[in-house]
Amino acid sequence: MSATAVREIEFRDALREAMSEEMRRDPKVFLLGEEVAEYDGAYKVSKGMLAEFGPRRIIDTPISENGFAGLGIGAAMMGLRPIVEFMSWSFSLVAADQILNNAPKMLYMSGGQFGCPIVFRGNDGAGGQLGSTHSWCVESLYANVPGLKMAIPSNPYDAKGLLKTAIRDADPVFFLESERMLSMKGEVPEEEYLIPFGQAAIRRTGEDCTIVSFGRPVHFAMEAAETLAAEDGIECEVIDGRTIRPLDLDTIVASVRKTNRCVVVDQSWSFASVGSEVAAQISEHCFDDLDNHVHRVHADDVPAPYASNLEQEMLPNPRKIRSAVLSACYRA
Amino acid sequence: MPIKTAFKTEIEHVSILDEHGQFDAKLAEGLIPDDDLLALYRHMTVCRHLDEVAFKLQRSGRMGTYPQNMGQEATSLAAAYVLEKTDWLVPCYRENAGLFWRGVPMEYVLLHWMGDERGNAIPRELFCTPLAIPIGTQMLHAAGLAWAAKYRGEKQIACTFFGDGATSEGDFHEAMNFAANLDLPVVFLCQNNFWAISVPGKIQCSAPTLAQRGLAYGMHCVQCDGNDLFAVAKVVKEAAARAREQSRPTFIEAVTYRLGDHTTADDARRYRDQAEVDLWKARDPLIRLRGLLKEKKLWNDSKEAELLEFAEREVAGAVQRAEGIEAPATTEVFDHTFATLDPQILKQRETRRTSSLGQQSGRSASHAPAGGSH
């Protein structure tokens, strides 16, 4: 990378750049979903892609999530590399049979004969007063299923690098974005790079407590860590998982063995969740290293509320994370 | 303003060789030469015999659940016969005759129903997708395969099979809508056998024909006698040409009947009248085809006896081959979860443990608690 300042672009631009680069590189890649072509995408992620790639490769579909998910799977079985955009992962629930009962099992159930190199991507998590049916965090629900990979970038740089890896992957990848981060700006190099799956990033180093998170709540963890350092004298190590499946357990375990305390921040509900899985794995791998039980910060166990203040209260936030770290460090 | 008719249509029913042996030679012209007719009859007879043997295998504990094809053989066979070898066959699970005609070894299907994923590892060059047990999901895959063929500029089409019950699934409607709106070369071949396990057709659809369901999607629809090899061959041939030349889908309702139970886990006597079954036994595709062959002086009782012996040998051989395949090694349970297994799955395979992988025996005893030591 040159010494000159790296350009800054939005999260949505980074996603578009990843898709466009891969489409230029590989004629097997195409994008389909609701409003992705003529309308430039409901969130403008695919802006200009129809103009560059044409209607053969940028395809507007009917409002029929199960339909275009299944069509994508058929095309992937024939060796193409579809990118299926769900306007929101909340809408993927009607496609559950295709995305959970077909895509991740196709290779297995065909005795290795039919792979399914497909990317499902879209907005995950509460978008800001969208109401409960449109505010799903699907990671815990879907990560339970073997045969799929799951990436959840927290910044534009990762969005591009991880999406390019997802498109080149031979297996189905669930790619979780956040409507709340699409306008976030960040440094993204123009040159090509890929971020391998299963490699977490340490966003902040610290000796006192490890905070593990995924996607948007990584920012809340960072904010909490700064407050904890300034006001409580506690130095947190913040780990951004980047992918949920595969999970980079090695980085997490190494950190917890150093700090002896851990808080897991997961924006989905707590019961049988990504957070409970990570906590269980840490308990198994770091049992003798832990100074306290693993603490977890999740969304409250209620449907995402419509009211703005209640929604903010329901989700993980810096205050809740700070409180959990203080408890983990016996300071609460 | 006067009320005008906005749309009017009709559904054709195609029949060439009916249950009474009436044969419309004009409609049949150029469809199936006599040599092929003999081969198709032999093939159907072997498939019928396989059904009987598979049923016995299940009853004697040598096979898991098995869905008999009996009575429906003509539909998938006629389709496989008229399609190109490179066209996709996208089956559900009652299409043995068509799959075997394409070249899928009989032991694959037996192995599958004996409970082995390797039976579904159909060689890619046969262009058959795995048997699809969830109802209707494969129709969308057929639309995707057809879409991919069109995308690549190949003249390949996809023919997908499903039953009357599947036409109530969302996947059916979504696949039909996509295929019509995206101009996809798909043949939707519905085998209407009147019973979705115990659920009668009238609960699936209130319209007089299933075929007309396709009208709503703006695609060509036709009904045919599904027990009539010629009728199915004719409508599939026309649908294939429409797909190949105009990239347009067709919905075919092939009216047939499942003479056996839904599967070996079902007992159809509990919900069907024997009189209905007897009526359809008389409409058996094998009986009418044998009658035609005899009429054409191509068949006689001694040939039939020879054929039955041949069928017994063929099926016995396939059963022997399927049963001769060793059970997979238990470590193979992880194979094909992913194209490349990730470290956590590799560790599960290596340790033969799927849980508590971090708890290594002896570690707790040798390590003092580290809490507060830093």
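Here the focus is the overall build of chain B. Scanning chain B for helices and strands turns up 14 helices and eight strands. C-alpha atoms of chain B, sized along the principal axes, occupy 90 × 70 × 45 Å. Across the 374 residues of chain B, 54% fall into the buried class. Partitioning the contacts of chain B with sequence separation of at least 6, the portion at a separation of at least 24 is 74%. Of the roughly 17,000 Å² of accessible surface on chain B, a fraction of 51% belongs to carbon and sulfur atoms. In chain B, 42 positive and 50 negative side-chain charges are present, and the distance between their average locations comes to 3 Å.

Let's shift gears to the domain arrangement of chain B. Structurally, chain B comprises domain 1 (13-323) and domain 2 (332-367). Computed from C-alpha coordinates alone, the two centres of domain 1 of chain B and domain 2 of chain B are separated by 44 Å.

With that settled, consider the sheet that holds strand β9 (residues 201-204) of chain A. All names here are of chain A. Sheet architecture is open: five strands sit in the order β9-β11-β10-β13-β14, paired in mixed fashion. Edge positions in the sheet fall to β9 and β14 (295-299), since each has one partner strand and no second. The sheet shows a mean angle of 25 degrees between the axes of neighbouring strands, direction not considered. Along the sheet face, helix α9 (residues 249-259) touches β9, β10 (209-213), β11 (236-240) and β13 (262-269) and points at about 170 degrees away from the line of β11.

Residue and element names in this part refer to chain A. Ordered in space as β3-β2-β4-β5-β7-β6-β12, the seven strands form an open sheet in which the pairing is mixed. If you trace the sheet from one side to the other, it starts and ends with β3 (58-60) and β12 (243-245), each paired once. Averaged over all pairs of adjacent strands, the angle between strand axes in this sheet comes to 20 degrees, irrespective of strand direction. Packed on one face of the sheet, helix α1 (residues 11-25) meets β2 (29-33), β3, β4 (81-88), β5 (119-123) and β7 (173-177) and runs near 135 degrees to β2.

Residue and element names in this part refer to chain B. With the rule as written, the count across this model stands at 25 aromatic pairs over all chains. Taking the centre distance of 5.3 Å and the plane angle of 45 degrees together, the rings of Trp195 and Tyr271 count as tilted. Here the residue Trp195 occupies a position in strand β5 (residues 195-196), and Tyr271 occupies one in the loop between β8 (250-255) and α10 (274-281), the gap between them amounting to 76 residues. Taking the relative accessible area as the measure of exposure, Trp195 reaches 12% and is therefore buried.

What follows concerns the interface of chain B and chain A. Of the residues lining the interface, 54 residues belong to chain B; the matching set on chain A comes to 57 residues. Where chain B packs against chain A, one counts zero salt bridges. At the junction of chain B and chain A, the tally comes to 20 residue pairs in polar contact (both at pLDDT 80 or more). Elements represented by at least two residues in the side of chain B that touches chain A include exactly α6 (137-151), α7 (170-181), α13 (343-351) and α14 (363-366) of chain B. When residues in the side of chain B that touches chain A are grouped by element, the largest group, 10 residues, is from α6(B). Here the residues of the side of chain B that touches chain A sort into 24 nonpolar, 20 polar and 10 charged.

The next thing to look at is the nonpolar core. In this structure, A:Ile99, A:Phe120, A:Phe174, A:Ile282 and B:Phe188 are the most contacted members of the largest nonpolar core, which totals 82 residues. The dominant element in this core, judged by the number of residues it contributes, is α6(B), at 10 residues. Apart from the residues within four sequence positions on either side, B:Phe188 is in contact with B:Met139, B:Thr160, B:Phe162, B:Ala175, B:Met176, B:Ala179, B:Met219, B:Pro249, B:Thr250, B:Phe251 and B:Ile252.

Right, let's get into α9(A). Count 3.6 residues to each turn of an α-helix, and residues three or four apart come out pointing the same way. Along α9(A), the residues classified as buried are A:Leu249, A:Thr251, A:Ile252, A:Val253, A:Ser255, A:Val256 and A:Thr259. In this structure, the buried residues of α9(A) make contact with β9, β10, β11, β13 and α10 (274-285) of chain A together with α13 of chain B. After α9(A) finishes, the residue A:Asn260 shows a positive phi value of roughly 65 degrees.

In this section: unusual backbone geometry. Across the junction of A:Arg245 and A:Pro246, the peptide omega takes the value -5 degrees, indicating a cis bond. Take A:Pro246: it is sitting in the loop between β12 and α9. Positive phi outside glycine occurs at B:His336, with the angle close to 70 degrees. With respect to the helices, strands and loops of the structure, B:His336 is situated in the loop between α12 (301-324) and α13. You can call B:His336 partly exposed: its relative accessible area is 35%.

Residues and elements named next belong to chain A. With domains assigned, chain A is organised as domain 1 (8-187) and domain 2 (201-328). Computed over C-alpha atoms only, the centres of domain 1 and domain 2 are separated by 26 Å. Between domain 1 and domain 2, the buried area comes to about 2,200 Å², and carbon and sulfur atoms account for 56% of it. Broken down residue by residue, the surface that domain 1 buries against domain 2 is led by Gln129, Ser140 and Ile152, which jointly contribute 26%. Taken together, domain 1 and domain 2 are joined by three salt bridges. The closest approach of N and O atoms between Glu311 and Arg180, which form a salt bridge, is 3.9 Å.

Calculation rules
Residues numbered from 1 in each chain as written. Chains lettered and ligands numbered in written order. Predicted model: local features only at pLDDT ≥ 70, side-chain atom pairs only at ≥ 80, totals over all residues. Heavy atoms only, no water. Helix = DSSP H or I, 4+ residues; strand = E, 2+ residues; numbered from the N terminus. Buried < 20%, exposed > 50% of the residue type's maximum accessible area, 1.4 Å probe, protein only. Contact = heavy atoms within 4.5 Å. Areas by Shrake-Rupley, 256 points an atom, 1.4 Å probe, with all protein chains shown as cover. Lys, Arg positive; Asp, Glu negative; His and termini not counted. Charge placed at Lys NZ, Arg CZ, Asp CG, Glu CD. Domains from an automatic or database assignment. Pairing = 2+ DSSP bridges. Axes fitted to C-alpha atoms, helices over the stretch in contact; angles between N-to-C directions. Phe/Tyr/Trp six-rings, centres within 6.5 Å; stacked < 30°, edge-to-face > 60°. Salt bridge = Lys/Arg side-chain N within 4 Å of Asp/Glu carboxyl O. Polar contact = N/O pair within 3.5 Å; in protein donor to acceptor, adjacent residues only side chain to side chain. Nonpolar A, V, L, I, M, F, W, Y, C, P; charged D, E, K, R; others polar. Core = buried A, V, L, I, M, F, W, Y, C linked by side-chain atoms within 4.5 Å. Buried area = accessible area lost by both parts, 1.4 Å probe.

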